[in-house]
Structures are given as structure tokens and as C-alpha cells.
Amino acid sequence: MRTYKSALALLLSLIFISPASAVESFTFSGNGYGHGVGMSQIGGKAMALEGKSAEEIIKYYYTGVVVEPVADWYDVRVNIGHQLTSASITLNSNVGFIDINGYQISDKTTQANFKMSPTGIVTTISKSRVLVTTLPATKEISIQWSGTRNLPGATAVVAFNAGKTQRYQFGQMNLLVVGKYFEATNTLRLKDEYLYGISEVSSAWPTEMLKAQVIAARSYAIAKAGIYRPSCDCDLYGTVQDQLFVGLGKLSEAKYGALWKAAVDATNVDEESGLTATYMGNPISAYYSSSTGGMTESALNAFGTDVEYLQPVADPVSLDPKRNPNYAIWKRTVSGSIVAKAFGLLDVQKLTIKDKRIEATSFTGAKASLRLETFRSRAGLPSSFFTINI
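The structure reproduced in this document is the subject of the present report.

1. Considerations on the state of the cysteines
Under the criterion given, the structure shown has one disulfide. Across a sulfur-sulfur distance of 1.9 Å, C232 and C234 are joined as a disulfide pair. Around the S-S axis, the bridge from C232 to C234 shows a dihedral of about -75° and counts as left-handed. According to the relative accessible area criterion, C232 is buried, its value standing at 0%.

Next comes the structure, spelled out in C-alpha cells:
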């Protein structure tokens, strides 16, 4: 009977006491934005303003690398729409045409709508919002447009909407059923068609920093190219999960788009190769982020794997409010429920940071530990360079 009463008392304490005593929120103070591994973009910009070259910037942030020509003439498959149930495409130029599995669209008032169905992707064609025809459901759709390397004719620009509209001049698209959804990809030549669309820094930044960003982006893409990911039907995501790819959006920036194109072109060595950061002869996974906590982070601390060229270096500019106005210092409050979910616990009563990890303790005494970067990502904090406000 005593054992039964003790168990009942414990159960009641968990039911009634734990929720009442759960911490409602935690407040964090920190510096920087992003994972902090590799090149600091704010730091690189400052170095360029001080007269440092793109190569000097790259060699500072990536330990022991060489900047040299590497082949980049081949195509990469970039995911531009993940786990889609619907999407659409229209002609965004006054000339040219779109070819969708053999069906052609040659005017701006005609739109192709794609929708997932139990039998595959159904394509409906409408003109001025009036249905024209419906194409048979299929597991895969090829989309090409004129003026590209894949289809001759007048130079067309297409507008593809997968939740957000992006315009594309280069490449060819593919829609493929993967599980319950379909994936949208654009296959482009790495050396120019892909790099022209990378939007990771302002095109108004100093030329040498733009060139350093191109070298880092090229290096990262080459390192990832050829590693096919079935879940996205791609080599690279066109989001910050890999590198932000905005199609024609970067080149079409008023005044500054030409500066980004010039930076890409300036790092092209010839028709088959471009300047790339290598370590012991191999292109590096050139991680980069906006800014840091005054020192870049190692790949070991952030991701759990030691990488020789991704070691901490000083980055004091990231702590300067004048040069990093939004993230030199920041403060965020996160609900207790989000923090608990990050650790996979029912609740969190206490947080402690030790040895580049953060540990949570629940009401029952259960503990869970995460790398700071993992927690940062799950909790939605700007960076992993933070302290816990008591």
C-alpha cells in the first residue's frame, strides 16, 4: 500500500506540479549571425576595405588553403522547390517560348500550373485565367525555354512560382515525383549560370570581397557537385541550406547586378576553370556566414567533425556595432516549449553551457545535451555565440 501511495504521489507531482513550475521562457544574449564557421562576410568586407585582396581574405579564413584554377565547366542540379504540391510557370519576356514535355507556351498571358495528384503531376494550361487544356499526369516533367544552351531561339526569361516567384534565364528545369511531393530543379553550368545567381552578400560591397565570395561559393559548389541527393533530386539546395540561389534576381539588380557579374567573370580563369580554394589539392567545403562572436568557430565545435582548414581565427570586426549594426550585439527570448522541443524533453527547468555544448535539465531530472550550433538552429537564435541570461 505504501508503494502504491508513493507512486501515486509521484504521478500527481508530475501532473500538477511540473506544468506549474515549468520555465515559461529563456533569454539569450549574443553576437554574430550564422554558424560562424569559415569566412566571416562582415570580416571579409572589412579586410577588403583595408586593401586586402580576395586571395588574402580566403587564405585568412580558411587555414592552409591554396587559391588555384579548378575545372568548373560542368552542370550542377539545383533544387528550386522542395516538397511541392503545386507550382506554376509563365513566360516573363516579350520574346521566346517555353517547352513543357513538348507543349509550347509563347505568350505572357498563358500559365502552366502543376499540381500533385495520386497518379503524378497534373499540368493545366490556362490563358488569361481561362482553362485551355490539361496534360496527362506524369511522374516527371521536363521544362526548357528558348535562348539557352538546351533550346535554340530568342532569349526567354521564365517566372517560376513555388511559393515565391523567381525569374530564370539560364538552365533547364525538371519536376520529379519524390514520395508524396514533387521536387523542382534547375540544371545550370556551375562556372557562370549558377554563380551569377548566388545572392549571399550585397553586390554593392567592395570588389575584392565580392571576388572572395565568388571563390568561396565556387569552392563549396564544386565540393558538393556530383553528390546526388535523392530526397531533393539535386546536388545543391538553392536555399541557405547550401547557398542562396535567386536565378536572374542577382544580375537584374539595378546598378549593382553588373558588379556581381564582373566579380564572377573576374575569377574565371578560362572557359573550363575558375579560381577555387583547395586544401592538399582538393576543393574545400568553403562554409561561410554573416558574422561571428569575435572569433570564427571550428567545424568540430559546430558540426562535430574536425576539418583542418576550418579552424578558429580572430574576427573582431563582427563585434563592432558600426560595421555589424544588426548583430554585433543581440538579445532573444525563446519560449520554454520551443527550448524543450529542441532537446526532445517534456520541459526544461535549467540550461547550462559547458565545453561548447548546452545542457538542459527537466523537472524530473532528465538531462539532454546539444552542440551550441545545433541548439541555435533548432531554437531560431541568430548565432551560436551566446550566453544565457539569469
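Anyway, onward from the coordinates.
2. Concerning unusual backbone geometry
Despite not being glycine, N101 shows a phi value in the positive range, around 50°. For N101, a relative accessible area of 46% puts it in the partly exposed group. One non-glycine residue, R129, lies in the positive phi region at around 70°. The topology assignment puts R129 in the loop between β9 (120-127) and β10 (130-138).

3. Examining the nonpolar core
In terms of nonpolar packing, the biggest core is built from 76 residues, with Y62 and F114 touching the most fellow members. Ranked by the residues each element gives to this core, the list is headed by helix α5 (residues 207-224), at 10 residues. In this view, Y62 contacts G38, M39, A216, I284, A286, Y287, Y288, Y309 and L310; residues no more than four positions away in its chain are not counted. With 21 residues, the next largest nonpolar core counts F26, W330, V348 and A360 among its residues.

4. Notes on the sheet that holds strand β3 (residues 66-71)
Here three strands make up an open sheet; going across it, the order is β3-β17-β18 and the pairing antiparallel. In the strand order of this sheet, the two ends are held by β3 and β18 (282-283), each with one partner. Sheet topology note: the β3/strand β17 (residues 273-279) ladder contains six bridges and is antiparallel. Counterpart to V66 in the pairing with β17 is T278.

5. Let's talk about α5
Here α5 spans 26 Å end to end across 18 residues, near enough to the 26 Å set by a 1.5 Å rise per residue. For α5, the buried fraction is high: 14 of the 18 residues fall into the buried class. Residue G226 follows α5 closely and has a positive phi angle near 90°.

6. As for the pattern of salt bridges
All chains considered together, the criterion is met by 17 salt bridges. Between E373 and R376 there is a salt bridge whose closest N-O contact spans 2.5 Å. Taken as a pair, E373 and R376 lie in helix α9 (residues 372-379) at a separation of three residues, close to a single helical turn. Each member of the pair, E373 as well as R376, carries the same accessibility label: buried.

7. Things to note about the packing of helix α3 (residues 54-61) against α5
With their axes 8 Å apart at the nearest point, α3 and α5 run at an angle of 55° to one another. When the interaxial angle is binned, α3 and α5 end up oblique. For the pair α3 and α5, the crossing hand works out as right-handed. Contacts from A54, I57 and I58 of α3 reach α5 at E208, M209, K211, A212, I215 and A216. When the residues that make up the contact of α3 with α5 are grouped by side-chain class, the tally is seven nonpolar, no polar and two charged.

8. A few points about the pairing of strand β14 (residues 172-178)
The side chains of a regular strand alternate, first on one face of the sheet and then on the other. Counted residue by residue, β14 has five buried out of seven residues, so it is predominantly covered. Pairing between strand β11 (residues 140-145) and β14: four bridges, direction antiparallel. Bridging across to β14, I141 finds its partner in L175. Sheet topology note: the β14/strand β15 (residues 181-189) ladder contains seven bridges and is antiparallel. Each bridged residue has a counterpart across the sheet, and for Q172 the counterpart in β15 is T187. Taking the residues between adjacent antiparallel strands as the criterion, β14 and β15 are bridged by two residues, where G179 takes a positive phi near 70°.

9. Concerning α3
For α3, the set of buried residues is A54, I57, I58 and Y61. The arc that holds every buried residue of α3, seen down its axis, measures 95°, which confines them to one face.

10. Observations concerning the pairing of strand β22 (residues 357-361)
Where strand β21 (residues 350-354) meets β22, five bridges bridge the pair, whose relative direction is antiparallel. Following the sheet pairing, K354 is matched in β22 by R357. For β22 and strand β23 (residues 367-371), the ladder comprises five bridges, and the chain directions are antiparallel. Following the sheet pairing, R357 is matched in β23 by R371. With antiparallel pairing between neighbouring strands as the criterion, β22 and β23 make up a hairpin whose turn holds five residues, including G365 at a positive phi of roughly 95°.

11. Comments concerning the environment of Y309
Here Y309 lies in the loop between α7 (299-303) and β20 (330-335). The class for Y309 is buried, based on a relative accessible area of 11%. Separated by 280 residues in the primary sequence, Y309 and S29 place their C-alpha atoms 29 Å from one another. Setting aside chain neighbours within four positions, we find Y309 in contact with Y61, Y62, T63, V65, Y279, I284 and S285. Only 3.0 Å separates the side chain of Y309 from the backbone nitrogen of S285, close enough to count as a polar contact.

How each quantity is defined
- Residues numbered from 1 in each chain as written.
- Predicted model: local features only at pLDDT ≥ 70, side-chain atom pairs only at ≥ 80, totals over all residues.
- Heavy atoms only, no water.
- Disulfide = S-S within 2.5 Å.
- Buried < 20%, exposed > 50% of the residue type's maximum accessible area, 1.4 Å probe, protein only.
- Helix = DSSP H or I, 4+ residues; strand = E, 2+ residues; numbered from the N terminus.
- Core = buried A, V, L, I, M, F, W, Y, C linked by side-chain atoms within 4.5 Å.
- Contact = heavy atoms within 4.5 Å.
- Pairing = 2+ DSSP bridges.
- Expected span 1.5 Å × (residues − 1).
- Salt bridge = Lys/Arg side-chain N within 4 Å of Asp/Glu carboxyl O.
- Axes fitted to C-alpha atoms, helices over the stretch in contact; angles between N-to-C directions.
- Parallel < 35°, antiparallel > 145°, perpendicular 65-115°, else oblique.
- Left-handed = near helix turned anticlockwise from the far one by under 90°.
- Nonpolar A, V, L, I, M, F, W, Y, C, P; charged D, E, K, R; others polar.
- Arc of directions from axis to C-beta.
- Polar contact = N/O pair within 3.5 Å; in protein donor to acceptor, adjacent residues only side chain to side chain.

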